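# Observations on the model geometry
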Amino acid sequence: MESFLASDAPGDLLYIVSESDEATLEAIKDIPVAHYLTVPDELGSWPHKIETGCWAAPAEWFLLAADDVTFLPG
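Residues numbered from 1 in each chain as written. Predicted model: local features only at pLDDT ≥ 70, side-chain atom pairs only at ≥ 80, totals over all residues. Heavy atoms only, no water.

So, about the overall build of the protein chain. Check the secondary structure of the protein chain and you find three helices and two strands. Secondary structure of the protein chain in N-to-C order comes out as α-β-α-β-α. For the protein chain, the C-alpha radius of gyration of 12 Å lies close to 11 Å, the compact-globule estimate for 74 residues. Principal-axis analysis of the C-alpha atoms places the extent of the protein chain at approximately 40 × 25 × 20 Å. If you take every contact in the protein chain between residues at least 6 apart in sequence, the share linking residues at least 24 apart comes to 29%. Taken as a whole, the protein chain presents about 5,600 Å² of accessible surface, with 56% of it coming from carbon and sulfur. (Helix = DSSP H or I, 4+ residues; strand = E, 2+ residues; numbered from the N terminus. Rg over C-alpha atoms; globule rule 2.2 N^0.38 Å. Contact = heavy atoms within 4.5 Å. Areas by Shrake-Rupley, 256 points an atom, 1.4 Å probe, with all protein chains shown as cover.)

Glancing now at the confidence of the model for the protein chain. Per-residue confidence for the protein chain gives a mean pLDDT of 82, with 99% of residues at or over 70. Here strand β2 (residues 34-39) stands out as the least confident element of the protein chain, with mean pLDDT 81; helix α2 (residues 22-28) is the most confident, with 85. (pLDDT = per-residue confidence, 0-100.)

Attention shifts here to helix α3 (residues 46-56). Burial in α3 covers these residues: K49, I50 and G53. Seen along its axis, α3 keeps its buried residues to an arc of 100 degrees; they face one direction. Across α3 from its buried face, at more than 90 degrees, point the exposed residues P47 and W55. Looking at the packing, one finds that the buried side of α3 touches β1 (13-18) and β2. (Buried < 20%, exposed > 50% of the residue type's maximum accessible area, 1.4 Å probe, protein only. Arc of directions from axis to C-beta.)

Quantified by volume, the largest pocket comes out at close to 1,300 Å³. Considering the residues around the largest pocket, the lining is formed by 39 residues, among which D12, L13, L14, Y15 and L63 are closest to the centre. Counting only elements with at least two residues in the lining of the largest pocket, the list comes to α1 (2-7), β1, β2 and α3. Of the residues belonging to the lining of the largest pocket, the class tally is 26 nonpolar, seven polar and six charged. (1 Å grid on protein atoms, 1.4 Å probe; cavity = no way out; pocket = protein on both sides within 12 Å on 5 of 7 lines; lining within 4 Å. Points joined across faces, edges and corners; volume = space filled by probe spheres on them. Nonpolar A, V, L, I, M, F, W, Y, C, P; charged D, E, K, R; others polar.)

To continue, consider the packing of aromatic side chains. Taken as a whole and judged by the stated rule, the model has one aromatic pair. Taking 5.4 Å as the distance between ring centres and 80 degrees as the angle between the ring planes, the aromatic pair formed by F4 and F71 counts as edge-to-face. Taken together, the positions of F4 in helix α1 and F71 in the segment after α3 put the pair 67 residues apart, joining distant regions of the chain. (Phe/Tyr/Trp six-rings, centres within 6.5 Å; stacked < 30°, edge-to-face > 60°.)

What follows is the structure in structure tokens.
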């Protein structure tokens, strides 16, 4: 998330987090650019979480990424 914020990339960040992940929810709740979607733990898999995020996000296109992606300015 830090690299996205530092990159000045256009668009919004939708962070998909499991409902039991209290540490992540606490860490992201005060970041103004980040929208987050809480999903039930039973979804479990990354593809199911992404599908839920795609249905919930009001956007025409998406970049799907995990926490191993680094955004760079420009």
